[in-house]
Amino acid sequence: AVCKGRRAAAPTAMSFHWPPLESNPEIFSDYMHTVGLPAQWAFGEVFGFDEDLLAFLPQPVIAVVANVERLKKQEEKARGDPALPVQFYMKQTGNLDNACGVIACVHAVYNNLAAMGGLPEQSVLGKHLAATSAMTPEERAAALDSNTDFQAVHVSKAAEGDSAQPSEQSDVRHHFVAFVLVDGKLVELPHPGGDAGGRAPAARGDSRGQVDAAALEMKQRRLEDEHEAVVHEYSLLLTGQLEVQRQHFEAQLEAATRAHAAVAAELEASVERQRAELRGRAEQVERKAHAQARRSAASDALLSSVRGDLAFNKQLNEQLVANQAEFAAQAKAAGEREAALQGQVRELEEQLRDMSIHLEAQMKMLEVQAAEGGAAAELNGAHVMPGEPPPARKGRRGRKG
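Residues numbered from 1 in each chain as written. Predicted model: local features only at pLDDT ≥ 70, side-chain atom pairs only at ≥ 80, totals over all residues. Heavy atoms only, no water.

A look at the overall build of the protein
Applied cut-off: In this text, helices come from DSSP runs of H or I with a minimum length of four residues, and strands from runs of E with a minimum of two, each type numbered from the N-terminal end. Three labels apply to residues, based on accessible area from a 1.4 Å probe with only protein chains included: buried if under 20% of the type maximum, exposed if over 50%, partly exposed otherwise in between. In these tables, accessible area is a Shrake-Rupley quantity obtained with a 1.4 Å probe, and a residue counts as shielded only by the protein chains included in the view.
When helices and strands are counted, the protein shows 10 helices and three strands. Across the protein, helices and strands are ordered from the amino to the carboxyl terminus as α-α-β-α-α-α-α-α-α-β-β-α-α. A burial count over the protein gives 28% of its 401 residues as buried. About 26,300 Å² of surface is accessible on the protein, with carbon and sulfur atoms providing 56% of the total.

What follows is the structure, encoded as structure tokens:
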């Protein structure tokens, strides 16, 4: 069994987590011998509390270190007596939560210095005692927490043993305590609540010895544990009955849940069918709406086209009317120009006729003169000059319209 706490790494100057120790007397003896416990003192195994088993322990026994599991922490805390005088007491703070093994050893050693004949001054135990003798229990806890000599030995011994280090804090449920005799009273150190003193049963006297007093205390605790076991068994029995009832009601609840689930599934299926039907109807209405929208769009487009055609026809008609008036004016102007041209043509034709008549008359005159002989001598070497045409006859030009 091990004491409470977290597994620690190698010690550092900043912080140190104390790893738990295995409940092994050889490890405890090596640990204490390393830090200065005289070689003639050691830790031994307590195989039981019967007198025959206790007889195997070497004598004398000056302290007992027990590894226990606290079942009534608050009740045991209330039994402590801070006024109880002891030679050495230190608190076990939160930082030293896993150091309960070494703290129990320190209490066992420092409260039996007279029986052991003292400690080597240059040993770890000797120097630590000298440095902390005038300190308060809180200051002693801080001094041990920062003592690198203890830390180095602790890490080494915590790695020894057959049991593995716990991986979780919840795996550690046991706690090391020391029992020492103070004025004939059995005192438990350190107290689980961290207060000075500890449990102080009635005085047993020196005649029964340290182990007998500790054995009686442990027997009393065993009876209490047996009582707790009976109470626990009765609680388990009640818990079992409650468990049967719980299973019965859970079965009923499960059946009701299944029935409810079936009804819910049926309702859900019905709702889903209705949803599918509504979706179908909605899609049909939507298709009709789309068709109607397309027809309406086509009608609007046709109406717009017709309106456009009407507007175009109207514009074309207006243009035609305007063009017709313009064409009529142009036709009238063209007619007038044509009439004028026809008048000019007639006039030119009349002039041409007059010219033809004149030329014919001249030719006839020339022919007559040529026929006459007397005129030949006069005409020899002479030129015949055409006469001036007769003036135009104004009375024959016609009307201009």
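Having seen the model, we can carry on.
Description of the packing of helix α1 (residues 25–35) against helix α8 (residues 148–158)
Defined as follows: For helices, the fitted line uses only the C-alpha atoms of the stretch in contact; every axis is such a line through C-alpha atoms, and the angle between N-to-C directions lies from 0 to 180 degrees. An angle below 35 degrees is treated as roughly parallel, one above 145 as roughly antiparallel, one from 65 to 115 as roughly perpendicular, and anything else as oblique. By convention, the crossing between two helices is left-handed when the near helix turns anticlockwise from the far helix through less than a right angle, and right-handed when the turn is clockwise. The contact definition used throughout considers only heavy atoms, calling two residues in contact when any of these lie within 4.5 Å.
Relative orientation of the contacting elements α1 and α8 amounts to 155°, with a least axis distance of 10 Å. When the interaxial angle is binned, α1 and α8 end up roughly antiparallel. For the pair α1 and α8, the sense of crossing is right-handed. Across the interface between the two elements, I27, D30, Y31, T34 and V35 of α1 pack against F150, V153, H154 and K157 of α8.

Some details on α1
So the rule is basically this: In the analysis that follows, any N or O atom pair within 3.5 Å is treated as a polar contact, provided that within protein one partner can donate a hydrogen and the other can accept it, and provided that, for residues neighboring in sequence, both atoms belong to side chains.
Those residues of α1 that sit buried are P25, I27, F28, S29, Y31, M32 and V35. Buried residues along α1 sit in contact with β1 (64–69), α4 (100–110), α6 (124–132), α8 and β2 (174–182). Its side-chain oxygen at 3.0 Å from the backbone nitrogen of E26, N24 defines the N-terminal cap of α1. In the stretch just after α1, G36 is the one whose phi turns positive, near 125°.

Points about the packing of aromatic side chains
As a reminder, the rule being used: Only rings of Phe, Tyr and Trp enter the pairing, Trp through its six-membered ring, and a pair is recorded when the two centres are within 6.5 Å. The plane angle decides the type: under 30 degrees is stacked, over 60 is edge-to-face, the rest tilted.
Under the defined criterion, the tally for this structure stands at four aromatic pairs. Each ring, one from F28 and one from F176, has its centre 5.1 Å from the other, and the planes form 55°; the classification is tilted. Separated by 148 residues along the polypeptide, F28 in helix α1 and F176 in strand β2 bring together distant segments of the chain. No difference in accessibility class separates F28 from F176, as the two residues are buried.

With respect to the packing of α1 against α4
Selection rule: Any residue outside Ala, Val, Leu, Ile, Met, Phe, Trp, Tyr, Cys, Pro, Asp, Glu, Lys and Arg is labelled polar, Gly included; the first ten of those are nonpolar and the last four are charged.
With their axes 11 Å apart at the nearest point, α1 and α4 run at an angle of 65° to one another. For the crossing formed where α1 meets α4, the hand is right-handed. Residues F28, Y31 and M32 of α1 pack against G101, V102, C105 and V109 of α4. Of the residues assigned to the contact of α1 with α4, the class counts are six nonpolar, one polar and no charged.

Notes on the pairing of β2
Applicable threshold: One requirement defines pairing of two strands: DSSP has to find at least two bridges between them.
Counting buried positions along β2 yields seven of nine residues, so the element is predominantly enclosed. Here β1 runs beside β2; their pairing, made up of six bridges, is antiparallel. Residue E69 lies in a different strand from β2, and its bridge partner there is H174. Pairing analysis gives five bridges linking β2 to strand β3 (residues 185–189), with the strands arranged antiparallel. Residue V180 lies in a different strand from β3, and its bridge partner there is V187.

Digging into unusual backbone geometry
The peptide bond linking Q59 to P60 adopts the cis configuration, its omega dihedral lying at 0°. Relative to the helices and strands, P60 resides in the loop between α2 (51–54) and β1.

None of the figures reported here should be taken as evidence of function without further support.
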